[in-house]
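Survey of secondary and tertiary structure
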Amino acid sequence: MLIRIAEIQDATAIVAVINAAFRPAEGFVFDDDRIDLNAVRDLLQKGAFLIAVDHAAVCGCVYVELRADRSYLGLLSVDPQRQKTGLGAKLMAAAEAHCARAGSRYMDLQIVSLRKEMYGFYHRWGYTETGTAPLPPDLNPKLPCHFVKMSKPLI
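The structure contained in this document is the topic of the report that follows. (Residues numbered from 1 in each chain as written. Predicted model: local features only at pLDDT ≥ 70, side-chain atom pairs only at ≥ 80, totals over all residues. Heavy atoms only, no water.)

**Focus: the packing of aromatic side chains**
Note on aromatic pairs: each is described by the distance of the centres and the angle between the planes. What counts is decided by this rule: Pairs were defined over the aromatic rings of Phe, Tyr and Trp, the Trp ring being its six-membered one, requiring ring centres within 6.5 Å. Orientation was assigned from the angle between planes: stacked under 30 degrees, edge-to-face over 60, tilted for the rest. Only protein chains enter the area calculation, which uses a 1.4 Å probe; residues under 20% of their type maximum are buried, those over 50% are exposed, and those in between are partly exposed.
Across all of its chains, the model carries three aromatic pairs by this definition. Arranged with centres 5.0 Å apart and planes meeting at 80 degrees, the rings of Phe121 and Tyr122 form a pair that is edge-to-face. One exposure class covers both Phe121 and Tyr122, and it is buried. With 5.8 Å between their ring centres and 80 degrees between their planes, Tyr122 and Tyr127 make a pair best called edge-to-face. The pair formed by Tyr122 and Tyr127 is uniform in burial state, with each residue classed as buried.

Take a look at the structure:
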């Protein structure tokens, strides 16, 4: 298993793994795919995806964006057949190390409030809630929800 920074030619595989991971997890909240090719290409211009590659296939990814002394982490995704194998933890560790090496002192993220299983996952990584934010207007949730912001120091 290799974890590396994605290149633009990885964009289609990133879309596939994100949507495969989020569809079962968020299907009760959203009908649409989590992301499309244009959105991934846009994110690659602002930040980086760290991808897990096994036998030339992308089986997981996480997005990071450097923002002065803080970094943002999002779209942590593991192919459903690889979930519960520790790959998500490896991607988290790689993302935090990548951002700390780049000078970030804090990592920020946000989760959909209805994804209760994610609170425990991120708490175990040392993240604490720092506030809430509304969903963007282009998202059409089936149930009322919002983002929960979380953060942790990297040093």
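**Quick word on the sheet that holds strand E5 (residues 106–112)**
Here is the rule we go by: DSSP calls a pair of strands paired once it identifies at least 2 bridges connecting them. Helix and strand definitions follow DSSP, with helices as H or I runs of at least four residues and strands as E runs of at least two, each counted in order from the N terminus. Here the axes come from fitting lines to C-alpha atoms, over the contacting stretch only for helices, and the angles between their N-to-C directions go from 0 to 180 degrees.
If you walk across this open sheet you meet the seven strands as E1-E2-E3-E4-E5-E7-E6, and the pairing is mixed. Since the sheet does not close on itself, it has two edges, and those belong to strand E1 (2–5) and strand E6 (128–133), each with one partner. Pairs of neighbouring strands in the sheet enclose a mean axial angle of 25 degrees, with direction left out of account. When strand E4 (residues 70–78) meets E5, the two strands line up parallel, connected through three bridges.

**Quick notes on the environment of Glu7**
How we decide: N or O atoms within 3.5 Å of each other form a polar contact, as long as, within protein, one can give a hydrogen and the other can take it, and as long as residues adjacent in sequence are counted only when both atoms are side-chain atoms.
Of note, Glu7 is situated in the loop between E1 and helix H1 (11–26). When its relative accessible area of 43% is taken as the criterion, Glu7 is described as partly exposed. When the C-alpha positions of Glu7 and Gly27 are compared, they lie 29 Å apart, and in sequence the two are 20 residues distant. At 2.6 Å, the side chain of Glu7 and the side chain of Gln9 are in polar contact.

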